[in-house]
Structures are given as C-alpha cells and as structure tokens.
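Chain by chain, the residues run as shown.
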Amino acid sequence: MTNRLEMNWKLDGFVDEQRYYCSETPIDKSSLPAPKAVLAGYARDYVDTDVVANKTYYVRFSSVKNGVEKISGEVQVKASVVDPNFKVKLITQNGVLVDNGYSEFIWTKVGVVNYNENNELAFNQSAYLKSDKIFNFNADFEFEFEFYIASSATDAYFGIVKNTETVWESGGFQISIGGTNVGYESNKLLCGFYGSGSIVSSANIDRNIWTSAKVTRISGVYTLYLNEVRTASGSSNQNPTSGILVVGPSMSTGPIKIRNFKCK
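This report concerns the structure included in the present document. Residue positions are given per chain, counted from 1 along the sequence in the order it is written. The predicted origin of the model limits local features to residues at a pLDDT of at least 70 and limits the giving and counting of side-chain atom pairs to 80 or more, whereas totals for whole chains, interfaces and linings rest on all residues. Only hydrogens and water are removed before side-chain values are computed, so all heavy atoms of the structure are retained for them.

## Some thoughts on the layout of surface pockets
Each pocket or cavity is described by its volume, and for the second largest pocket that value is around 260 Å³. Lining the second largest pocket are 17 residues; nearest its centre among them are W9, R60, F61, S62 and S72. Helix numbering and strand numbering both begin at the N terminus, where a helix is a DSSP run of H or I of at least 4 residues and a strand a DSSP run of E of at least 2. Broken down by secondary-structure element, the contributors of at least two residues to the lining of the second largest pocket are β1 (2-8), β5 (56-65), β6 (68-71) and β7 (75-78). Of all the elements, β5 adds the most residues to the lining of the second largest pocket, at five residues. Think of it as three bins: nonpolar holds Ala, Val, Leu, Ile, Met, Phe, Trp, Tyr, Cys and Pro, charged holds Asp, Glu, Lys and Arg, and polar takes everything else, Gly as well. Grouping the amino acids of the lining of the second largest pocket by side-chain chemistry returns eight nonpolar, six polar and three charged. In this analysis, the protein atoms alone were mapped onto a 1 Å grid. Cavities are point sets where a 1.4 Å probe fits without being able to get out; pockets are open sets with protein on both sides within 12 Å along at least five of seven lines; lining residues have an atom within 4 Å of a point. Grid points are joined across faces, edges and corners, and a volume is the space filled by probe spheres set on the points.

Set out below in structure tokens:
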C-alpha cells in the first residue's frame, strides 16, 4: 500500500516557483511554516507520499514571482491509500465511490448507481460507471469481483464489464451473466465477444446470494473462476478493442449488485 495526497490546480500566468505547505494543524498564512516542497513554476499537480493513511492534513500552495509570494486558500484533505497491486480497486466510503487502484481512474456515474456499505455497488437496469481512461482489453488482465442477482430480476443478461458504453460492435467485449432464457449461456458467467461464441462457465449461477468470480486473460487465453473454482478456459478468434472501462449493466442489461471490484 502507498499512502498519498494527490493534488492538482490551475494557475494563470507565469511564476518563478511554487511552494507547497502541509500541516496537521491549520496554517496561518501570516506565519507560514517552512514549505514541504518547492515546485517549478509550470507545475500543476503534485503527489505527497510522506503522509499517514486516513489522517487529515491542511494544505496551502503559493506562487512566487519577482520575490513576491501569493498564498492560496486553505484546503483540508484526508490521505488515501493506494493499492499498487491493482489498476482499479473500487470501494465505498460513507456513500462515496473511491478508486484505490494505482492507475488513478476517475469514474462517472450514468443512471442510478448506489454506493452502499461493504464496498457494494447497486446498479439499476442499464446504469453503469465509466472510466476516464482507455483500458487495454487486448493485453493480459485479471478482474475480480462479487455479484448478486435477485430472483425477481428479469433481463437477457446482467453486465459486469464492457469495453463500450454504447453500441455493440466489432471488437466488443463483455463479462456478464446470462439470464434464464438465453440458451447455453443461461445462468452462466461468460466472456462475450462481438461476432463469435462466448467462453462460458460450466457451473450455474444461483440467485439471491453473493458469488465471487474472477476472469483472467493470459497470452490470449481466458479463464473463468466461480467461488475460486475454475469453471472454463479457452481462447477466441476475436481481439477486443481497447476502450473505456465500463462497470455495470450498461446497454440495457439487467439490475445487479457488484462489490469488491478490482482489476490488474
């Protein structure tokens, strides 16, 4: 784990340098402590790793030009913990979504998504989270998550991961659960590809209980696990297109709960 404060800001014009002040107590701008860091005049972001997780800090920045220092307002921040083992690690804290993965994805909520306790994400039908960065679906990856589908939920599929938030097209990829009436994919965990067959788990999915799952891609071979048991493995003649990472039942798939979602 890496403890850190991540900061970014806007500054109009050119300055000689910038100074970063950080304290565990409020900072009096008329009696400034020594700056914790001196930054270049062009800097617009800074990461402070010399902090303690979950501790609150008071932060000010200043700009210096021709020997004149101008002090920013004070910001109160809390140090988060980044897990270097995962690109994405979605957790919920007091109704707020936090990504503690090292890739620093920013997420946008589309539709009704509730951030509940125990890292639980509750998605209404067709709701989802979308990232602000491109994810390489054609490289090795590992997705881990738990999911819950109510017995009353009806739809053709229940989406977990997709590489597109709109149309299903060439290069499309998804991790999802088949509904009750979709043939050989019914009540199964699957990797789906546009224009070709899916890789489908051998075990059925039970409703009204939490189920743990893992989907990996290693050298083009996809492997599916349910409750830590390997249930399918195979390759596809389709290469997924890299795209934004979409989590949840986008594209008119059914309501689902997902918790402890993370990927490498």
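## Overview of unusual backbone geometry
Residues other than glycine seldom take positive phi values, yet S252 does so here, at roughly 65°. Looking at where S252 falls in the secondary structure, it is placed in the loop between β23 (243-247) and β24 (256-263). We call a residue buried when its accessible area falls under 20% of the maximum for its residue type, exposed when it is over 50%, and partly exposed in between, using a 1.4 Å probe and counting protein chains only. Note on S252: relative accessible area 51%, which makes it exposed. The phi torsion at N260 lies on the positive side, around 55°, for a residue other than glycine. Here N260 shows up in strand β24. Look at N260 and you get partly exposed, because its relative accessible area is 30%.

## Thoughts on the state of the cysteines
We call a pair of cysteine sulfur atoms a disulfide whenever their separation is within 2.5 Å. As enumerated under the stated definition, the model contains zero disulfides in all. C263 provides the cysteine sulfur closest to C191, a residue in no disulfide bond, and the two sulfurs are 13 Å apart.

## Things to note about the pattern of salt bridges
Criterion for a salt bridge: a side-chain nitrogen of Lys or Arg within 4 Å of a carboxyl oxygen of Asp or Glu. Applying the stated criterion to the full structure yields eleven salt bridges. Between E24 and K55 there is a salt bridge, with its nearest N and O atoms 3.6 Å apart. One end of the pair, E24, is in the loop between β2 (17-23) and β3 (37-40); the other, K55, is in the loop between β4 (45-48) and β5, and 31 residues separate them in sequence. For K55, a relative accessible area of 30% puts it in the partly exposed group. Between D48 and K36 there is a salt bridge, with the nearest N and O atoms lying 2.9 Å from each other. Taken together, the positions of D48 in strand β4 and K36 in the loop between β2 and β3 put the pair twelve residues apart, joining distant regions of the chain.

## Describing the packing of aromatic side chains
What characterises a pair of aromatic rings is the spacing of the ring centres plus the angle enclosed by the ring planes. Ring pairs are drawn from Phe, Tyr and Trp, using the six-membered ring of Trp, whenever the two centres fall within 6.5 Å, and their geometry is named by plane angle: stacked under 30 degrees, edge-to-face over 60, tilted for the rest. Taken as a whole and judged by the stated rule, the model has 21 aromatic pairs. Centre to centre, the rings of W9 and F61 are 4.3 Å apart; their planes meet at 35°, and the pair counts as tilted. Taken as a pair, W9 in the loop between β1 and β2 and F61 in strand β5 lie far apart in primary sequence, 52 residues in all. Overall, the relative accessible area of 13% leaves F61 in the buried class. Centre to centre, the rings of F145 and F147 are 6.3 Å apart; their planes meet at 45°, and the pair counts as tilted. On the basis of relative accessible area, F147 is assigned to the buried category, the value being 1%. Ring-pair connections join several aromatic residues into one group, and the members of that group are F135, F137, F141, F143, F145, F147, F173, F193, Y222 and F261. Looking at K109, its charged tip hangs above the ring of Y115, at a distance of 4.9 Å from the centre. In this scheme, the term charge over a ring applies when either NZ of a lysine or CZ of an arginine sits within 6 Å of the ring centre and within 35 degrees of the ring normal.

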